[in-house]
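# An overview of the molecular structure
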Amino acid sequence: MYSEGSEGFYTDDFMFDVMGIEELPSALYQYTSLASLEKILASRTLRFSRLDTVNDPEEAMASDVALAASSVFVSCWSGTEVEQIPMWSMYGQNLSGVRIRLPSNMFVGRKEPMIFEKGGALLTVETWHSINRKPPAMSTNSCAIIGPNKIYYSDDPAYRNRPLVYRHAGTAYFYPHDLGMVKGTHWSYEQEWRFKIAALSFEAQFPDDEYFNNVTLDLETYPVEAEALFIPLAPTAINELEVMIGPKAGSATRKEVERILGEHAPSATLTQSQIKIR
């Protein structure tokens, strides 16, 4: 377990030694609806949702920063090629939606993710994204995406509700590496891999002053304004798209998926779920 005064537990050693991650997945899977599929392909972008808007209300808690989840945007995937009935049921339109497969380096520029000592994998994209907050809080611009990294499942509050700020000699050090990387064990069936974008820079140093404590860390009075970010996908990644139709989907669904792919991703591969279910 990490030390309370440390800079976080989600390190390369933790990934290898504790989580048993030997390599990053080359492809990722997402169960979704036909409407979401069309939005992704028509816009050529991937939605990153703010963590305080997702289905787990206990996501990304911090012991020293209220509303910390509102400072993180995520795109959630599965690294498991084998079909998962609970995922079809919860996210795949009640077994009648689709599962998409994309290469893990799916964003514009097709940069390969690299694993760093702290925070896990990170990649860059050839576009910039902005996260705006209510003034006078500072907004951020970045071309970095953290991930893909696998979620760690634990019910231990030491992992799930930990500090983000460390203070020494008038300087505040912000270490949100672990934020949004832990979920309760009741979610472990998802075996989730996650891309993440943070509103506050990793390992940033701030004067430990009134502005930092009463503005930068006050996400209620000076909130993050957007509820989602949209990051461009590489056209060549869309050409590698594979779409699987859910086990309960009928002929009308297949025709609609064929229409969507014909209009927006003619090179995509279309398959049918191998699960037999009444």
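This section reports on the structure supplied with the text.

Scoring rules and cut-offs
Residues numbered from 1 in each chain as written. Predicted model: local features only at pLDDT ≥ 70, side-chain atom pairs only at ≥ 80, totals over all residues. Heavy atoms only, no water. Helix = DSSP H or I, 4+ residues; strand = E, 2+ residues; numbered from the N terminus. Buried < 20%, exposed > 50% of the residue type's maximum accessible area, 1.4 Å probe, protein only. Polar contact = N/O pair within 3.5 Å; in protein donor to acceptor, adjacent residues only side chain to side chain. Pairing = 2+ DSSP bridges. 1 Å grid on protein atoms, 1.4 Å probe; cavity = no way out; pocket = protein on both sides within 12 Å on 5 of 7 lines; lining within 4 Å. Points joined across faces, edges and corners; volume = space filled by probe spheres on them. Arc of directions from axis to C-beta. Nonpolar A, V, L, I, M, F, W, Y, C, P; charged D, E, K, R; others polar.

With respect to the helices and strands, arginine 162 occurs in strand S10 (residues 161-162). Classification of arginine 162 by relative accessible area gives buried; the value is 2%. In this structure the side chain of arginine 162 is engaged in a polar contact, spanning 2.5 Å, whose partner is the side chain of tyrosine 166. Here aspartate 178 takes part through its side chain, which lies 3.0 Å from a polar atom of the side chain of arginine 162.

Here the focus is the pairing of strand S14 (residues 192-198). Of all 7 residues in S14, 6 are buried; the element is thus mostly enclosed. Where strand S4 (residues 72-78) meets S14, 7 bridges bridge the pair, whose relative direction is antiparallel. Note that in S14 the partner of serine 75 across the bridge is phenylalanine 195. Where strand S8 (residues 140-150) and S14 come together, 3 bridges link them in antiparallel fashion. Along S14, the bridge assignment pairs isoleucine 146 with lysine 196.

Considered as a void within the structure, the largest pocket measures approximately 760 Å³ in volume. Together, 28 residues line the largest pocket, and Gln30, Tyr31, Thr32, Ser49 and Cys76 are the ones closest to its centre. Within the residue set of the lining of the largest pocket, elements represented by two or more residues are strand S1 (27-32), helix H2 (34-43), strand S2 (45-50), S4, helix H3 (85-91) and S14. At 5 residues, the largest contribution of residues to the lining of the largest pocket is made by S4.

Along H2, the residues that are buried comprise Leu34, Leu37, Ile40 and Leu41. Relative to the axis of H2, the buried residues are bounded by an arc of 125° and lie together on one face. Phi for arginine 44, located one or two positions after H2, is positive at around 60°.

Okay, empty space enclosed by the protein next. Under the criterion given, the structure shown has 3 cavities of 30 Å³ or more. One number sums up the size of the largest cavity: a volume of about 90 Å³. Taken together, 14 residues form the lining of the largest cavity, with Met61, Tyr159, Arg160, Asp178 and Gly180 sitting closest to its centre. At the level of secondary structure, the elements contributing two or more residues to the lining of the largest cavity comprise helix H4 (157-160) and S10. Its residues assigned to classes, the lining of the largest cavity shows 7 nonpolar, 2 polar and 5 charged.

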